[in-house]
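# A look at the structure
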Amino acid sequence: MVISFFRFLFRFLGWVFHFFYFQKMDYLIYIGKREFVTQLKKSAFKSFGKKSLLGLNITIVEPKYISIGNNSSICNGVVISCYNSIESIGNHPEITICNNVSIGENSHITCANKLFIGNNVLTGKKVLITDNAHGNSIKSVLDIPPALRDIVSNGPVIIEDNVWIGEKATIMPNVHIGEGAIIGANAVVTKDVPAYAIVAGIPAKIIKLL
């Protein structure tokens, strides 16, 4: 009876030690890798705030046009790209990601004009935020292969503070999302969203105003 008790006790202690030790070690190794990537790349940005972290396997195009605030997280696999559009000749694209922002894994942020993400914005995975497209929707342009068309921006994207954007949502050009709004998963936002609105669908429509 005593032997069985001690066998059970040590088996239980071994399980607890294994779970907490290895879970913690995995997390510390993961954070360590992100710290290494951040230190390697942050000097290339226009500005990079304190305690912000870049993820693993990220792609950044023209970081000199990108500003990231304090305590923000750009998660694994994110692509952030800046391009010059035909409207921005003589100017430069500008991406601003403010404080306490979390951009979900495998999301894509692309800018040819201006893209602003306010404080405390949270996005799910695989979110697309774009202010540009390959050409205009006119016949003469559509006869050109998409990869060869000029980058065109129909207007900036502004996302105010405390916005929550669900997984796989798309924010299209020339859209202003008000403070505290919630964007449902898979939504395609083509028009402005009022503050404290919940929107969903394709195209996104207001479900509720809070």
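Our structure's up above, just so we're on the same page.
Calculation notes
Residues numbered from 1 in each chain as written. Predicted model: local features only at pLDDT ≥ 70, side-chain atom pairs only at ≥ 80, totals over all residues. Heavy atoms only, no water. Salt bridge = Lys/Arg side-chain N within 4 Å of Asp/Glu carboxyl O. Buried < 20%, exposed > 50% of the residue type's maximum accessible area, 1.4 Å probe, protein only. Helix = DSSP H or I, 4+ residues; strand = E, 2+ residues; numbered from the N terminus. Pairing = 2+ DSSP bridges.

## What about the pattern of salt bridges?
As enumerated under the stated definition, the model contains 2 salt bridges in all. The salt bridge partner of Glu62 is Lys64, with a shortest N-O separation of 3.9 Å. Taking relative accessible area as the criterion, Glu62 reaches 33% and is therefore assigned partly exposed. Classification of Lys64 as partly exposed rests on a relative accessible area of 47%. For Glu105, the salt bridge goes to Lys125, with nearest N and O atoms at 4.0 Å. Taken together, the positions of Glu105 in the loop between strand E8 (102–103) and strand E9 (108–111) and Lys125 in the loop between strand E11 (122–123) and strand E12 (128–130) put the pair 20 residues apart, joining distant regions of the chain.

## Describing the sheet that holds strand E3 (residues 59–61)
Across the sheet, which stays open at both edges, the 6 strands sit in the order E3-E6-E9-E12-E17-E20 with parallel pairing between neighbours. Looking at which strands have only one partner, the edges of the open sheet turn out to be E3 and strand E20 (188–189).

## Points about the pairing of strand E22 (residues 205–209)
In terms of residue burial, E22 counts as a barely covered element, since only 0 of its 5 residues are buried. Sheet analysis places strand E21 (residues 197–200) next to E22, joined by 4 bridges and oriented antiparallel. The residue bridging Ile198 from the neighbouring strand is Lys208, located in E22. Hairpin remark: E21 followed by E22, antiparallel, with 4 residues in the connecting loop; positive phi at Gly201, about 105°.

## Thoughts on the sheet that holds strand E10 (residues 114–117)
Across the sheet, 6 strands lie side by side as E1-E4-E7-E10-E15-E18; this open sheet has parallel pairing. Where the open sheet ends on each side, the last strands, each with one partner, are strand E1 (47–48) and strand E18 (175–177). Note: strand E4 (residues 66–68) against strand E7 (residues 94–97), 3 bridges, orientation parallel. Following the sheet pairing, Ile68 is matched in E7 by Ile97.

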